[in-house]
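# Structure assessment
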Amino acid sequence: MATRYFHEFGMTREHLGMIATGQRAFAALNPGAVMRKPLTMDDYLAARMISSPLGLFDCDIPIDGASVIIVSASDAARDCARPPLWIEAQGAALRSQETWDQRADLTTMGAHDAAADIWLRTDLKPSDIDVLGLYDGFSIFVPLWLEAFGMCGHGEAKDFIAAGNIGPGGRYPVNTGGGQLSGGRLHGFGLIHETCLQLWGEAEGRQVTNAKVAACGTGGGFIAGAMLLRRD
């Protein structure tokens with residue numbers, strides 16, 4: 001998928017490096033992240049190749065951990081320690097074969113089906129999103145999720161990333177806890193937890209100002225799920 005995307009749209013390893021180094025910068029602000037040592041573009045490019053074009057820092061870091069998500073009726077959440085967050089919409093469509101290599105367009109993945117489904121269930125628009133938690137089992141999933149959610153057009157993610165949109169200080173910060181590339185992989189649940197912290201205003205030094213709406217994209221390859229969270 002990465003090779004085909006590179007071929008079609010001119011993405012380079014440096015574009016993926018911006019994802020890895022940006023998420024490491026977020027991780028440096030997260031006491032719970034596993035990898036907090038600064039990562040430079042030179043470090044990224046010098047790391048060993050794993051499966052071209054993806055190198056060592058394009059791959060997530062499996063960890064042991066736990067994350068609890070409590071879903072309840074709204075009236076049952078009135079006396080919780082924190083104000084409840086609301087599931088604005090969920091998307092879980094799959095409009096292609098359940099395989100890695102049989103999609104009609106190999107520059108898309110299950111994320112595109114799930115995210116397209118989500119916009120049928122809400123009046124919100126991509127421009128309403130304040131922070132994103134995007135599955136990054138491999139770095140290439142991040143640009144595909146950005147396009148799937150409509151943050152930019154198909155094939156435009158490399159320029160969207162290069163413009164500084166998704167890193168610290170960007171308009172649409174992605175994986176503010178360090179993601180799975182630097183924070184550690186909990187199969188997407190850590191990403192949801194981080195977006196909840198952002199909506200509660202409890203992300204400390206990495207807090208996105210006045211975050212009200214978060215997009216979560218979990219899963220990569222041929223299966224995925226999407227969710228919009230909001231606070232009142």
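For the structure itself, look to the data block above.
## Quick look at the overall build of the chain
When helices and strands are counted, the chain shows 8 helices and 6 strands. Of the regular secondary structure in the chain, the N- to C-terminal order runs α-α-α-β-β-β-α-β-α-α-α-α-β-β. Its C-alpha atoms give the chain a radius of gyration of 17 Å, within 12% of the compact-globule value 17 Å for 232 residues. Seen through its C-alpha atoms, the chain measures out along the principal axes to roughly 50 × 40 × 30 Å. Residue burial in the chain is summarised as follows: out of 232 residues, 51% are buried.

## With respect to the packing of aromatic side chains
Geometry of an aromatic ring pair is reported as the spacing of the ring centres plus the angle between the planes. Scanning the model with the defined rule gives 7 aromatic pairs in all. Ring geometry for W100 versus F141: centroids 6.4 Å apart, planes at 20°, classification stacked. Here the residue W100 occupies a position in the loop between β3 (86-91) and α4 (110-118), and F141 occupies one in helix α5 (residues 141-148), the gap between them amounting to 41 residues. The class of F141 is buried, set by a relative accessible area of 4%. When the centroid spacing of 5.9 Å and the interplanar angle of 80° are considered together, the rings of F138 and F141 count as edge-to-face. The ring of W200 carries the charged tip of R82 above its face, separated from the ring centre by 4.7 Å.

## Focus: a nonpolar patch on the surface
On the surface, I69, V71, I87 and F189 cluster together into a nonpolar patch covering about 370 Å² of accessible area. With respect to the element layout, F189 can be found in helix α8 (residues 189-200).

## Considering the pattern of salt bridges
Counted by the stated rule, this structure contains 10 salt bridges. One salt bridge connects R230 with D232, and the closest N-O pair in it is separated by 2.9 Å. With a relative accessible area of 26%, R230 lands in the partly exposed category. Through salt bridges with shared partners, one network takes in E88, R230 and D232.

## Quick word on the pairing of strand β6 (residues 225-230)
In terms of residue burial, β6 counts as a mostly covered element, since 5 of its 6 residues are buried. Both β3 and β6 contribute to a ladder of 5 bridges, which runs antiparallel. Along β6, the bridge assignment pairs W86 with R230. Across 6 bridges, strand β5 (residues 213-218) lies against β6 in antiparallel orientation. Looking at β6, one finds that T218 is bridged to G225.

What counts, and at which threshold
- Residues numbered from 1 in each chain as written.
- Predicted model: local features only at pLDDT ≥ 70, side-chain atom pairs only at ≥ 80, totals over all residues.
- Heavy atoms only, no water.
- Helix = DSSP H or I, 4+ residues; strand = E, 2+ residues; numbered from the N terminus.
- Rg over C-alpha atoms; globule rule 2.2 N^0.38 Å.
- Buried < 20%, exposed > 50% of the residue type's maximum accessible area, 1.4 Å probe, protein only.
- Phe/Tyr/Trp six-rings, centres within 6.5 Å; stacked < 30°, edge-to-face > 60°.
- Lys NZ or Arg CZ within 6 Å of the ring centre and 35° of its normal.
- Patch = residues over 30% accessible without salt bridge, like charges linked within 9 Å, V, L, I, M, F, W, Y side chains within 5 Å.
- Areas by Shrake-Rupley, 256 points an atom, 1.4 Å probe, with all protein chains shown as cover.
- Salt bridge = Lys/Arg side-chain N within 4 Å of Asp/Glu carboxyl O.
- Pairing = 2+ DSSP bridges.

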